[in-house]
Amino acid sequence: DYYVQPSSIEELQSLIRFLNKSDIEYCVIGNGSNLLVSDKGIRGVVIQLSDTFDEVEYIDDVTVKVMSGMMLSRLGNKLADKGLAGFEFATGIPGSVGGAVRMNAGAYGKEFKDIVKKVTVLNEDGNIQELKNAELGFTYRNSIFSVNKSIVIEAELVLQKGNMEEIKEKMNEYLNSRKEKQPLEYPSAGSTFKRGDGYITAKLIDECGLKGYQIGGAQVSEKHAGFIINKADATADDILQLIKYVQDSVYRKFGKKILLEVQVIGEE
């Protein structure tokens, strides 16, 4: 119903306090790259932290403080130029720092929990609070932010000194690997399903013969079965129906309940 981009922490703080006092529902998004929004839209207020929450501060040789609206690709390039290693895994993830902390984003065997020292948040009462890594409840693609409404404002990351050319080479290697293995030529909300406990979800979907299976405009990617893509004007409902079909098929054949990595939000 309302879409707001606060221009400062103070503006965000007064907005949250106003919404709480007025009993108005709200949700906070970063880049929105792993969200599936229902066809009926979102009731209340959507707050996006983007361009104005986009600064980085170098604390010492290996520690940086980054605002939550900064895109991971932009941050990755900045860190590489400074000869800071340890962030290469995140550079190709199409999200923001805040979203990456909330989801404990990861790739190539590394996750955000490995580099986050502490996080500054605006809690549910509209007060600023600092939380250390151990207080963030990081698990696979999850953190405490999925159960409370605290908003990530900035994160302090600890990296390592490295060689700029080697860092950029590794980043390119990861980016090329993504292009080769993932259906980046089509719109999607990224990897649709979480990795299984002791099994590879995409492999099970493939073994059900579902690559290329389509409902409406939504399709199980022929390149990578873990992705549901928008092949042609898919609605959110097409995608949700296909998700359910895939989950049911995998459960029938293998007895495994595969879980969503994509976040579904909005009115049902």
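Note that this is a predicted model, so its numbers are computed, not measured.

Participant: How should I be thinking about the sheet that holds strand β16 (residues 228–230) in this particular structure?
Facilitator: The strands making up a sheet associate through backbone hydrogen bonding, with each pair oriented either parallel or antiparallel. Strand order in the open sheet made by the 3 strands is β14-β15-β16, with antiparallel pairing throughout. At either end of the open sheet lies a strand with only one pairing partner, and these are β14 (214–215) and β16. Both strand β15 (residues 218–220) and β16 contribute to a ladder of 3 bridges, which runs antiparallel. Counterpart to Q219 in the pairing with β16 is I229. Across the sheet, helix α6 (residues 236–254) is in contact with β14, β15 and β16; its angle to β15 comes to roughly 30°.

Participant: Honestly, a negative patch on the surface in this entry has me stumped. Any pointers?
Facilitator: On the surface, E165, E166, E169 and E173 cluster together into a patch of negative charge. Structurally, E169 is set in helix α4 (residues 164–181). Judged by relative accessible area, E169 falls into the exposed class, the value being 58%.

Participant: Mind showing me how you'd approach the pattern of salt bridges here?
Facilitator: Pairing between side chains of opposite charge can happen when the charged atoms of each approach one another. Scanning all chains against the criterion turns up 17 salt bridges. A salt bridge links E111 to R141, with the shortest nitrogen-to-oxygen separation between them at 3.7 Å. Here E111 is found in strand β9 (residues 110–111), whereas its partner R141 is found in the loop between β11 (128–132) and β12 (151–158), with 30 residues between them in sequence. Across the pair, R141 and E111 agree in class, each one buried.

Participant: Explain helix α2 (residues 72–81) to me, please; I cannot follow it from the model alone.
Facilitator: Count 3.6 residues to each turn of an α-helix, and residues three or four apart come out pointing the same way. L72, L75, G76, L79 and A80 are the residues of α2 that are buried. For α2, the angular spread of the buried residues around the axis is 135°, confining them to a single face. Contacts from the buried residues of α2 go to β5 (56–58), β6 (63–67), β7 (84–85), α3 (97–103), β12 and α4. One or two steps after α2, the chain reaches G83, where phi turns positive at roughly 75°.

Participant: Is there a simple way to explain α4 in this structure?
Facilitator: With 18 residues, α4 ought to run about 26 Å at 1.5 Å a step, and its terminal C-alpha atoms sit 26 Å apart, in line with that. For α4, the set of buried residues is I167, M171, Y174, S177 and R178. Angular distribution of buried residues about the axis of α4 spans 125°; they occupy a single face of the element. The exposed residues of α4 that point more than 90 degrees off its buried face are E165, E166, E169, E173, K179 and E180.

Participant: Before we go on, may I ask you to explain the packing of aromatic side chains in this structure?
Facilitator: Both the distance between ring centres and the angle between the ring planes are used here to describe each pair of aromatic rings. Using the criterion set out here, one finds 5 aromatic pairs in the structure. Between the aromatic rings of F87 and F112, the centroid separation amounts to 6.0 Å while the plane-to-plane angle is 75°, which identifies the pairing as edge-to-face. With a gap of 25 residues between them, F87 in the loop between β7 and α3 and F112 in the loop between β9 and β10 (116–122) connect regions that are remote in the sequence. Both residues of the pair, F87 and F112, count as buried. An angle of 5° between the planes, with centres 4.4 Å apart, marks the rings of Y213 and Y245 as stacked. Here Y213 is found in the loop between α5 (201–207) and β14, whereas its partner Y245 is found in helix α6, with 32 residues between them in sequence.

Participant: So what exactly am I meant to see when it comes to the layout of surface pockets here?
Facilitator: Where empty space is left becomes clear once a probe the size of a water molecule has been rolled over the atoms. Looking at the second largest pocket, its volume works out to about 180 Å³. Looking at the second largest pocket, it is lined by 14 residues, and the ones nearest its centre are L36, S188, A189, I228 and I239. Those elements giving two or more residues to the lining of the second largest pocket turn out to be β16 and α6. Taken together, the residues of the lining of the second largest pocket sort by class into 10 nonpolar, 4 polar and no charged.

Participant: Looking at this structure, how should I read the sheet that holds β11?
Facilitator: Read from one edge to the other, the open sheet built from 5 strands follows the order β5-β6-β12-β10-β11, with strand pairing classed as antiparallel. Single-partner strands in this sheet number two, and they are β5 and β11. Here the strands of the sheet are splayed against their neighbours by 20° on average, with no regard to which way each runs. Of the strand pairs in this sheet, β10 and β12 are connected by 6 bridges, and their pairing is antiparallel. For V116, the partnering residue across the bridge sits in β12 and is L157. The strands that α2 touches are β5, β6 and β12; relative to β5, the one it contacts most, it runs at about 25°.

Participant: Where do I start with the environment of Q263 in this structure?
Facilitator: Mapped onto the elements, Q263 comes out in strand β17 (residues 263–265). Overall, Q263 belongs to the partly exposed group, its relative accessible area being 24%. Along the backbone, Q263 and L35 are 228 residues apart, and their C-alpha atoms lie at a distance of 4.9 Å.

Basis of the calculations
Residues numbered from 1 in each chain as written. Predicted model: local features only at pLDDT ≥ 70, side-chain atom pairs only at ≥ 80, totals over all residues. Heavy atoms only, no water. Pairing = 2+ DSSP bridges. Helix = DSSP H or I, 4+ residues; strand = E, 2+ residues; numbered from the N terminus. Contact = heavy atoms within 4.5 Å. Axes fitted to C-alpha atoms, helices over the stretch in contact; angles between N-to-C directions. Patch = residues over 30% accessible without salt bridge, like charges linked within 9 Å, V, L, I, M, F, W, Y side chains within 5 Å. Areas by Shrake-Rupley, 256 points an atom, 1.4 Å probe, with all protein chains shown as cover. Salt bridge = Lys/Arg side-chain N within 4 Å of Asp/Glu carboxyl O. Lys, Arg positive; Asp, Glu negative; His and termini not counted. Charge placed at Lys NZ, Arg CZ, Asp CG, Glu CD. Buried < 20%, exposed > 50% of the residue type's maximum accessible area, 1.4 Å probe, protein only. Arc of directions from axis to C-beta. Expected span 1.5 Å × (residues − 1). Phe/Tyr/Trp six-rings, centres within 6.5 Å; stacked < 30°, edge-to-face > 60°. 1 Å grid on protein atoms, 1.4 Å probe; cavity = no way out; pocket = protein on both sides within 12 Å on 5 of 7 lines; lining within 4 Å. Points joined across faces, edges and corners; volume = space filled by probe spheres on them. Nonpolar A, V, L, I, M, F, W, Y, C, P; charged D, E, K, R; others polar.

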